[in-house]
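Spelled out from the first residue to the last, the chains are:
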Amino acid sequence: MFKKIIFIIFICLISVGAVVAEDVGNFDVPSQFDDLGGGVFILQSFMDSDQYLTIVPFDDYYKADYLINDSSDGYFIFPNKNNTFNYVQKSVNEQGSFEIVEVDGNKYIIDFSDDEINSNNDFTNTHKWLVEFNKLNNLTAINPATL
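A brief report on the enclosed structure follows. From a predicted model like this one, the values you see are computed outputs, not experimental measurements.

**Some thoughts on the sheet that holds strand β4 (residues 75–79)**
Strands in a sheet are paired, the pairing made by backbone hydrogen bonds, and the direction either parallel or antiparallel.
And step 1. A sheet is described by the order of its strands in space; here seven strands give the open sequence β1-β2-β3-β7-β6-β5-β4, paired in antiparallel fashion. Here the strands that pair on one side only, and so sit at the sheet edges, are β1 (34–37) and β4. Each strand of the sheet is rotated relative to its neighbour by a mean of 25°, with strand direction disregarded.
And step 2. Sheet topology places β1 next to strand β2 (residues 40–43); three bridges connect them, and they run antiparallel. Within β2, the position partnered with D35 by the bridge is F41.
And step 3. Against the sheet, helix α2 (residues 60–67) contacts β3 (51–57), β4, β5 (85–89), β6 (94–103) and β7 (106–114), and its axis sits at roughly 85° relative to β4.
And step 4. The strands touched by helix α3 (residues 124–137) are β2, β3, β6 and β7; relative to β6, the strand with the most contacts, the crossing angle is about 20°.

Shown next as structure tokens:
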């Protein structure tokens, strides 16, 4: 429980910095997620790990943070279908799926994550939420190689 609280505080602090720097857009999110503010949403589960949706503006800082493997931090990304990616971040025991989208000339990272790494490295749930998010907002992930 303490680890979850620290993780939420960490995400909120990062998000507050991003919100101060730039707006995180006006997106429709799946109704199961509760808004924590600053582009962070949570789907709480009492049976499984909690899931998070984090929306951050895409800039050079987040480009490096999301798109570059960092073995010193235990962060590894894996290309998935349709310009989406899966990742594992061992330092915070997290895994998830993300994409980059563009709306009205602004680019955003849409990140759905589990608050723990599952034993099978199964990204089915986090990728499912990306697909749902894109349907709600009529979006398609863009290829980061073009950025």
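**Side note on the packing of aromatic side chains**
When we look at a pair of aromatic rings, we describe it by the centre distance and by the angle of the planes.
And step 1. One pass over the structure, following the stated rule, counts twelve aromatic pairs.
And step 2. With 5.5 Å between their ring centres and 45° between their planes, F27 and F133 make a pair best called tilted. Residue F27 is located in the loop between α1 (2–21) and β1, and its partner F133 is located in helix α3; the two are separated by 106 residues in the primary sequence.
And step 3. You can call F27 buried: its relative accessible area is 13%.
And step 4. Relative to F98, the ring of F85 has its centre 5.3 Å away and its plane inclined at 20°; by these criteria the two rings are stacked. Of this pair, F85 sits in strand β5 while F98 sits in strand β6, placing them 13 residues apart in sequence. With respect to class, F85 is no different from F98; both count as buried.
And step 5. Linked through ring pairs, Y61, Y62, Y66, Y75, F85, Y87 and F98 together constitute an aromatic cluster.

Rules used in this analysis
All residue numbers here refer to positions counted from 1 along the written sequence of the relevant chain. This being a predicted model, a pLDDT of at least 70 is required before a residue's local features are given, and a value of 80 or more before pairs of side-chain atoms are given or counted; all residues contribute to the totals for chains, interfaces and linings. Computation of side-chain values: all heavy atoms of the structure, hydrogens and water removed. Each pair of strands is called paired provided DSSP finds at least two bridges between the two strands. Counting from the N terminus, the helices are DSSP H or I runs at least four residues long and the strands are E runs at least two residues long. Note on definitions: angles span 0 to 180 degrees between N-to-C directions of axes, and those axes are lines fitted to C-alpha atoms, for helices only across the stretch in contact. The criterion used for residue contact is that any of the two residues' heavy atoms lie within 4.5 Å. Note on ring pairs: Phe, Tyr and Trp rings are taken, using the six-membered ring of Trp, and paired if centres are within 6.5 Å. Classes follow the plane angle, with under 30 degrees stacked, over 60 edge-to-face and the rest tilted. When a residue's accessible area, from a 1.4 Å probe over protein chains only, is under 20% of the maximum for its type it is buried; when over 50% it is exposed; and in between it is partly exposed.

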